[in-house]
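Structural characterization, general
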Amino acid sequence: MAPAADMFELGVELQVLKKGTLFPMRAKKLYELYKAYDGVEALPEEARGQLERQVFRRPLDDVWADVEEYFTRRDPDQLLRARQSPRRRMALVFRWYLGMASRWAVTGEGERTADYQVWCGPAMGGFNEWVRGSYLAALENRRAADVAHHLMRGAAFTARVQQLAWNGVRLPAACTEYVPVPPGEAR
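Residues numbered from 1 in each chain as written. Predicted model: local features only at pLDDT ≥ 70, side-chain atom pairs only at ≥ 80, totals over all residues. Heavy atoms only, no water.

Before going further, it helps to examine the packing of helix α4 (residues 76-84) against helix α5 (residues 86-107). Orientation of α4 relative to α5, taken along the N-to-C sense of each, is 130°, at an axis distance of 5 Å. On the basis of their axis angle, the class for α4 and α5 is oblique. Of the two possible hands of crossing, α4 and α5 adopt the one that is left-handed. Taken together, the residues of α5 that come into contact with α4 (itself represented by Gln78, Arg81, Ala82 and Gln84) are Pro86, Arg88, Arg89 and Leu92. In terms of residue class, the contact of α4 with α5 is made up of three nonpolar, two polar and three charged. (Axes fitted to C-alpha atoms, helices over the stretch in contact; angles between N-to-C directions. Helix = DSSP H or I, 4+ residues; strand = E, 2+ residues; numbered from the N terminus. Parallel < 35°, antiparallel > 145°, perpendicular 65-115°, else oblique. Left-handed = near helix turned anticlockwise from the far one by under 90°. Contact = heavy atoms within 4.5 Å. Nonpolar A, V, L, I, M, F, W, Y, C, P; charged D, E, K, R; others polar.)

Rendered as structure tokens:
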């Protein structure tokens, strides 16, 4: 779980991928700092330096300049509120990282792989459980077309098994579960 960019100030969290990324820990650290301090200027020098070096990889004043540019075009009222409240300004700076982490993941920004934010939920766990023991268990075998094919074929298979059961046909348990097999391989 990590703070959601759009509801950061409320402490709302969303489920994200943990393996292979530092995003969840970094995002939580930002929220802890947000709760503990009244603004970027109130951050201890050590904490600010660590953020600039490890998380933002640039001065927080430069991040604020990007935030100002963005909200000048999108929602100038946000800037008015931030100028009146150092805490609000800090939230917008921290939200910059949360928003960019999603963008870096989508665009494949190689320099920021440790900061990728990849949303996931119970469906991802369910899918991983479903493909366990099949060729799709290995990540390198997962291609969008193959996954889509097996999802549709598996749904059709399950519907057919259910229809047979409704009509009184009893099948052995081994015949009632769809197992993805590589293209061209018989089951």
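Picking up after the structure, the text goes on.
Every buried residue of helix α2 (residues 45-55) is listed here: Ala47, Arg48, Gly49, Leu51 and Val55. Once α2 finishes, Arg57 follows within two positions and takes phi at roughly 60°, a positive value. (Buried < 20%, exposed > 50% of the residue type's maximum accessible area, 1.4 Å probe, protein only.)

If you trace the backbone, Val63 turns up in helix α3 (residues 60-74). Val63 sits in the buried class, given a relative accessible area of 0%. Put simply, Val63 and Gly154 are 91 residues apart on the chain and 47 Å apart in space, counted from C-alpha to C-alpha. Among all residues touching Val63, those that are not within four sequence positions of it are Phe56, Arg58, Val93 and Trp96.

We now examine the packing of aromatic side chains. Evaluation of the coordinates by the stated rule reveals 14 aromatic pairs. Between the aromatic rings of Phe23 and Tyr97, the centroid separation amounts to 5.8 Å while the plane-to-plane angle is 20°, which identifies the pairing as stacked. Here the residue Phe23 occupies a position in helix α1 (residues 23-36), and Tyr97 occupies one in helix α5, the gap between them amounting to 74 residues. Of the two residues examined, Phe23 and Tyr97, each falls in the buried class. A ring pair is formed by Trp96 and Trp104, whose centres lie 6.0 Å apart and whose planes are at 80°; its orientation type is edge-to-face. What makes Trp104 buried here is its relative accessible area of 8%. A connected cluster of aromatic rings, assembled from ring pairs, spans Phe8, Phe23, Tyr31, Tyr34, Phe56, Phe94, Trp96, Tyr97 and Trp104. (Phe/Tyr/Trp six-rings, centres within 6.5 Å; stacked < 30°, edge-to-face > 60°.)

A few words on unusual backbone geometry. Of note in this structure, Arg57 is not a glycine but carries a positive phi near 60°. Along the chain, the position of Arg57 falls in the loop between α2 and α3. Its relative accessible area of 39% is what places Arg57 among the partly exposed residues.

Let us now look at the pattern of salt bridges. Counted under the stated rule, the structure contains 13 salt bridges. Taking the shortest distance from any N to any O, the salt bridge between Asp61 and Arg48 comes out at 3.4 Å. Within this pair, whereas Asp61 is found in helix α3, its partner Arg48 is found in helix α2, the two being separated by 13 residues in sequence. Residue Asp61 is classed as partly exposed on the basis of its relative accessible area, which comes to 48%. (Salt bridge = Lys/Arg side-chain N within 4 Å of Asp/Glu carboxyl O.)

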